[in-house]
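Spelled out, the chains give:
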Amino acid sequence: MTNIAVFSSKKWVTDSFGKNLPEGINVKFFEARLSRETAALSDGYDGVCVFVNDDVSKDVLDILAAKGIGLVALRCAGFNNVDIEYAAKKGITVVRVPAYSPFAVAEHALGLILALNRKYYRAYNRVRDGNFSLDGLLGFDIHGKTVGIIGTGKIGQIFAGLMAGFGCRLLAYDKFPSKELEARGVEYVDLETLYKESDIISLHCPLTHETYHLINTYAIRTMKEGIMIINTSRGPLIDSDAVIWGMKEGIIGYLGLDVYEEEGDLFFEDLSDQVIQDDTFVRLETFPNVLITAHQAFFTKEAVDNIAATTFENIQAFFNGTPRNVVEPSTLIRKSGI
Ligand code: NAD
């Protein structure tokens, strides 16, 4: 029997992992996030299973290695929270779920665009309150607008297809342009052109040293006035203070976030009876043209089932001596991504 300690186990995890549990694997669900303080819980297990905001940095890997853990199974695609090189040094294999539903994330990005543009969140509250005024709800036709896509991997490509359906002009930036997308009419341009010409920018690249704070004051200065920025990728792609400045200056007209740079202390928890200590997050929430969801873009039935099934296949493969979906230090150059 293979014993796995599953960290950050919310209800959807216990439900989907419980439903998909294969014979030969025993799981213990811990609600706690993996961190230096909780890593000792892995004592007596063969591997750990973690999610986007678990801390798998050097100190934690040292503890896991000392406990004899040989496998870190990410139940997500992104691995920016794992020190991959150090894990390799400690002899710990890291596996992930590279794709489970790129549709879920691309569709959520589109949802943020529609909701921000037509202000559904305001309209919903108004109508419930008996206020049928249209003042302040004016939107724009998405048809004919220029959409800039940064990162045209699995999710970016599906997002491109959705926006093409609206009749948008599509610009893209990627270190590895896709010939297939080009053939479908997407124009690859440099970042400066994308910033200058786009009405909507959607981020679909991984978080790496290169993309950290990609959207900063300098980038915002080059954007069209009234730009809509959508981030369903990773929080630190955006410098939060810079976007607050950009919104106060009137350069950023709309901001849709499913991820936030300091989300680890907030997202996935019910903090509704507590004082939020993150002043930057609270400031972001005060803008009428900001819509934040709490890292839910991946959260569809199809995606959650695929995550559970692939995670268990990865665990079985590793302990059968045929590892798959392994994150090697060399993978860092191209990918990372939930
Ligand atoms: P992918 O690996 O298929 O595609 C990523 C693309 O980004 C690749 O084409 C790659 O060449 C490109 N890229 C790499 N470095 C770049 C750079 N410096 N500048 C521009 N492009 C660069 O990944 P994916 O499955 O499409 O996922 C994209 C991102 O979405 C992930 O990195 C992850 O962070 C995020 N994500 C979020 C959620 C969520 O729930 N919010 C869920 C899944 C994935």
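### Concerning the packing of aromatic side chains
Right, on to step 1. Applying the stated rule across the entire model yields 13 aromatic pairs.
Right, on to step 2. Here W12 and F51 contribute two aromatic rings whose centre-to-centre distance is 5.4 Å and whose plane-to-plane angle is 65°, an arrangement assigned as edge-to-face. Pair noted here: W12 is in helix α1 (residues 11-20) and F51 is in the loop between β3 (47-50) and α2 (58-66), with a separation of 39 residues, a long-range link. As far as burial versus exposure is concerned, W12 and F51 are alike and both buried.

### What about the domain arrangement of the protein chain?
Right, on to step 1. Once the domains are mapped, the protein chain shows domain 1 (2-100 + 301-335) and domain 2 (102-292).
Right, on to step 2. The centre of domain 1, based on its C-alpha atoms, is set 30 Å off from the matching centre of domain 2.
Right, on to step 3. Taken residue by residue, the interface counts 12 residues in domain 1 and 11 residues in domain 2.
Right, on to step 4. For the domain 1 and domain 2 pair, buried surface summed over both sides reaches about 1200 Å², with 54% attributable to carbon and sulfur atoms.
Right, on to step 5. Linking domain 1 with domain 2 are 2 salt bridges.
Right, on to step 6. R33 is the salt-bridge partner of D265, the closest N and O atoms lying 3.7 Å from each other.

### Examining the sheet that holds strand β8 (residues 187-188)
Right, on to step 1. Strand order in this open sheet of 7 strands is β8-β7-β6-β9-β10-β11-β12, and the pairing throughout is parallel. A strand with exactly one partner marks an edge of an open sheet, and here the two such strands are β8 and β12 (290-292).
Right, on to step 2. Note: strand β10 (residues 227-231) against strand β11 (residues 252-257), 5 bridges, orientation parallel. Each bridged residue has a counterpart across the sheet, and for I230 the counterpart in β11 is G256.
Right, on to step 3. Here helix α4 (residues 102-118) sits on the sheet and contacts β9 (200-203), β10, β11 and β12; the angle it forms with β10, its principal contact strand, is near 145°.

### Regarding the nonpolar core
Right, on to step 1. Ranked by size, the top nonpolar core spans 47 residues in total, and within it L34, V48, V50, L64, V72 and V94 carry the most contacts.
Right, on to step 2. Ranked by residue count, the leading element in this core is helix α12 (residues 301-319), at 7 residues.
Right, on to step 3. Judged by nonpolar contacts, the second largest core, of 34 residues, contains L191, Y195, L207 and F287.

### Some details on the pattern of salt bridges
Right, on to step 1. All told, the structure shown has 14 salt bridges when counted by the stated rule.
Right, on to step 2. Between K10 and E269 there is a salt bridge; the shortest N-O distance is 3.1 Å. Remark: E269 occurs in the loop between β11 and α11 (279-286) and K10 occurs in the loop between β1 (2-6) and α1; sequence separation between them is 259 residues.
Right, on to step 3. A residue is classified by how much of its surface remains accessible, and E269, at 42% relative accessible area, is partly exposed.
Right, on to step 4. Close ionic contact of E180 with R184 constitutes a salt bridge, the shortest N to O distance being 3.6 Å.
Right, on to step 5. Residues participating in the shared-partner salt-bridge network are K10, E31 and E269.

Thresholds, definitions, all that
Residues numbered from 1 in each chain as written. Predicted model: local features only at pLDDT ≥ 70, side-chain atom pairs only at ≥ 80, totals over all residues. Heavy atoms only, no water. Phe/Tyr/Trp six-rings, centres within 6.5 Å; stacked < 30°, edge-to-face > 60°. Helix = DSSP H or I, 4+ residues; strand = E, 2+ residues; numbered from the N terminus. Buried < 20%, exposed > 50% of the residue type's maximum accessible area, 1.4 Å probe, protein only. Domains from an automatic or database assignment. Contact = heavy atoms within 4.5 Å. Buried area = accessible area lost by both parts, 1.4 Å probe. Salt bridge = Lys/Arg side-chain N within 4 Å of Asp/Glu carboxyl O. Pairing = 2+ DSSP bridges. Axes fitted to C-alpha atoms, helices over the stretch in contact; angles between N-to-C directions. Core = buried A, V, L, I, M, F, W, Y, C linked by side-chain atoms within 4.5 Å.

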